[in-house]
Amino acid sequence: MALIDAPLGKSSDYPDSYDPQLLFPVARDENRRRIGLEDGRWPWFGEDLWQAWEISWLRPGGVPAVAWGEIRVPAASPAIIESKSLKLYLNSLNQTVFSSADQVRDVIVRDLSSASGASVAVDLHSVDEGARAIGRPEGFVLIDDEEPESVGYDYNPDSLTASGDVVSEKLCSHLLKSNCPVTGQPDWATVMIDYTGPAIDRAGLLQYIVSFRQKQDFHEHCVETLFTDLMARCKPERLSVCARYTRRGGLDINPWRSTEPEDAAGPRLIRQ
């Protein structure tokens, strides 16, 4: 399906009955070819962690139930799921009777796995279990007060450099902003970079992050661009990149890509 057919950027009637056909997959391949990667050969482990804050359904007696959910889509899946279509799909559960939260979870797992082409993991949580939010990930150094040589708002990786002794450090910035490629609406995020390798020039890194300010791309594609640019230009021995995006329409998307298989999504942040 072409992106022009997605519900994003269009007026949509909210569904009043369960409908898995609302899910709209977007193939990952085109973006990966655009950043120089061959089909099926990606230099990372990773996943897209979605936090869904507006999940509801009807219990057998007709009384509604509510929950929030964590949805993990493998980075190796053939497709991402367009965000508005996921919102519409989750809203299609609102007036549908399910026997239990486990049944709701199983249905969501089945439908999202079918749409993305890979096994998706879903955890539903009581709203009494709210995840604790923090302002900055523990151990990360904020680079937002660095002074780059110049500032530009058109994507440009040329300021990325690394040199000197091998170090291990964690850097973050609250200044990542990109724009939706369909609607042009701004997407805001904190980006976290954990690496071992020659020391990355922090002012140049900040200049690079700011250059995403007018870039039009999906959250997942921006993180994959960050990862591949850092690998190509700074040549770290180990690298993890995660962006924690702010919420829109009851959903936030938090992609991470890493040379290591361990979960690098990090905790929920204060803007989420």
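Residues numbered from 1 in each chain as written. Predicted model: local features only at pLDDT ≥ 70, side-chain atom pairs only at ≥ 80, totals over all residues. Heavy atoms only, no water.

The name given to the protein chain in an unreviewed UniProt entry is NADPH-dependent 7-cyano-7-deazaguanine reductase, and the organism recorded there is Marinobacter panjinensis. We quote the UniProt Subunit (unreviewed entry) comment for the protein chain here in full: "Homodimer." We quote the UniProt Function (unreviewed entry) comment for the protein chain here in full: "Catalyzes the NADPH-dependent reduction of 7-cyano-7-deazaguanine (preQ0) to 7-aminomethyl-7-deazaguanine (preQ1)." (UniProt positions renumbered as here; feature names shortened; annotations may be inferred.)

This part covers the nonpolar core. Counting residues in hydrophobic clusters, the biggest one holds 28 residues, and the most contacted among them are Leu176, Ile193, Leu205, Leu230 and Val241. Mapped by element, the contributors of at least two residues to this core are β7 (162–179), β8 (186–200), α4 (202–210), α5 (219–234) and β9 (238–245). At 6 residues, the largest contribution of residues to this core is made by α5. When residues no more than four places from it in sequence are discounted, the contact partners of Leu176 are Asp187, Trp188, Ala189, Val191, Ile209, Phe212, Leu226, Ala243 and Tyr245. With 24 residues, the next largest nonpolar core counts Ile55, Leu93, Phe98 and Val104 among its residues. (Core = buried A, V, L, I, M, F, W, Y, C linked by side-chain atoms within 4.5 Å. Buried < 20%, exposed > 50% of the residue type's maximum accessible area, 1.4 Å probe, protein only. Helix = DSSP H or I, 4+ residues; strand = E, 2+ residues; numbered from the N terminus. Contact = heavy atoms within 4.5 Å.)

Right, let's get into unusual backbone geometry. One can expect most non-glycine residues to show negative phi and most peptide bonds to be in trans. Phi angles above zero are rare outside glycine, and Lys235 is one such case at about 50°. Relative to the elements of secondary structure, Lys235 occurs in the loop between α5 and β9. By relative accessible area, which is 57% here, Lys235 ends up exposed.

Turning our eyes to something else, we now look at the pairing of strand β10 (residues 251–258). Along β10, 8 of the 8 residues are buried, which leaves the element largely enclosed by surrounding structure. Going residue by residue along β10, you find Leu251, Ile253, Pro255 and Arg257 tucked away on one face and Asp252, Asn254, Trp256 and Ser258 tucked away on the opposite face as well. Examined bridge by bridge, strand β2 (residues 45–58) and β10 share 8 bridges and lie antiparallel to one another. Within the sheet, the bridge partner assigned to Phe45 lies in β10 and is Ser258. With 3 bridges connecting them, β9 and β10 associate as antiparallel partners. (Pairing = 2+ DSSP bridges.)

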